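Examining the three-dimensional arrangement
Each chain is listed here by its residues.
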Amino acid sequence: EIKIQMKNISKVFETEEMETHALKDVNLTIKAGDYVSISGPSGCGKSTLLGLLGLLDMPSGGEYFVEGVNVSSLSLNEAAEVRNSKIGFVFQSFNLIDEISVFDNIALPLRYRKDKLNTQEIEQRVNKCLELVSMTHRSKHKPNQLSGGQQQRIAIARALVNEPAILLVDEATGNLDSNTGDQIMDVLDELNQKGTTICMVTHESRYADRATTQLKLLDGAILTTPELTSCSALQY
Ligand code: ADP
Ligand code: ADP
């Protein structure tokens, strides 16, 4: 089952002085249960690609399909709706709301849905996600009462609560010490083993290596296997 497909995707940023071809002819297929890492040097287009995958921005050319639906030319409102229902996003910063409980943070994406869920359904979904990240015991806490690693676990739970087609992860360990970062990576590994489809951007090769499909970006293009072999000295 194909979750995500990009065909000949390009992205050009135009400013007064110059044009930047941030992505050039990117082709990408992600199937259910895949665990994909994207790495490459600074400026190679990783954030741009993740932004397009997450419908935070629209491509300049090419076609993008989420669960078979062409989303390449949606309006901003339509894109936001697909993003909320089909995409889970985990960032380097946890982006939790400190004024409300962990439970309510995780419930937030459910409350933005068009098809309203009842209280019991919300509770079941949130509790299931708390369990997935081993944080059931913290549901009544406020985010600022938790460690960084715990906050990232909550952010992951929030990203999963709408049962997205894919979990997009942008340098999830960037704000964590290496020990805590390793634990967050263990959470992602475990989620993938339970069937969650993951696409993560990381500049840490020891994390990229955990993915089952490891993509390298260079100058806005995904390197193919022969290219990778011929420049094996490439350091990230
Ligand atoms: P990475 O995440 O791999 O560091 P980015 O996707 O952030 O790379 O950037 C890819 C290229 O696109 C870079 O040359 C960057 O300067 C350019 N770029 C990214 N976002 C913008 C923007 N909003 N406006 C203009 N140029 C941009
Ligand atoms: P961090 O390493 O981010 O500071 P903790 O070590 O406190 O976070 O919590 C992460 C892990 O520790 C979770 O897997 C959780 O199951 C476990 N844990 C921490 N406190 C408790 C608790 N009171 N009851 C059960 N498990 C806990």
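Within any chain, residue numbers begin from 1 and follow the written order of that chain's sequence. In the order they appear in the text, chains get letters beginning with A and ligands get numbers beginning with 1. Only residues with pLDDT of at least 70 get local features here, since the model is predicted, and only at 80 or more are side-chain atom pairs given and counted; chain-wide, interface and lining totals rely on the full set of residues. As a convention, hydrogens and water are excluded, and side-chain values are obtained from all of the structure's heavy atoms.

1. So, helix 3 (residues 102-111)
- Only protein chains enter the accessibility calculation, which uses a 1.4 Å probe; a residue whose area is less than 20% of its type maximum is buried, one above 50% is exposed, and one in between is partly exposed. A run of DSSP states H or I qualifies as a helix once it reaches four residues; a run of E qualifies as a strand once it reaches two. Both are numbered from the N-terminal end. Across the 10 residues of helix 3, seven count as buried, placing the element largely inside the fold.
- Here helix 3 has its buried residues at Val102, Phe103, Asn105, Ile106, Ala107, Pro109 and Leu110.
- Contacts between residues were defined by any pair of non-hydrogen atoms, one from each residue, lying within 4.5 Å. Buried residues along helix 3 sit against helix 2 (76-86), helix 4 (119-132) and helix 5 (148-160).

2. Looking at the packing of aromatic side chains
- Ring geometry is summarised as follows: Phe, Tyr and Trp rings, the Trp one being its six-membered ring, pair when their centres sit within 6.5 Å, and such pairs are stacked at plane angles under 30 degrees, edge-to-face over 60 and tilted between the two. One pass over the structure, following the stated rule, counts one aromatic pair.
- When the centroid spacing of 4.6 Å and the interplanar angle of 0 degrees are considered together, the rings of Phe89 and Phe91 count as stacked.

3. Thoughts on the sheet that holds strand 5 (residues 69-70)
- A pair of strands counts as paired when DSSP detects no fewer than two bridges linking them. Pairing is antiparallel across the open sheet formed by four strands, whose spatial order is 2-1-4-5. Edge positions in the open sheet fall to strand 2 (19-31) and strand 5, since each of these has one partner strand only.
- Where strand 4 (residues 61-66) lies against strand 5, two bridges are found, and the strand directions are antiparallel. The residue of strand 5 that forms the bridge with Val66 is Val69.
- Here, axes are lines fitted to C-alpha atoms. For helices the fit covers the stretch in contact, and angles between N-to-C directions go from 0 to 180 degrees. The strands touched by helix 1 (residues 46-53) are strand 1 (2-14), strand 2 and strand 4; relative to strand 1, the strand with the most contacts, the crossing angle is about 125 degrees.

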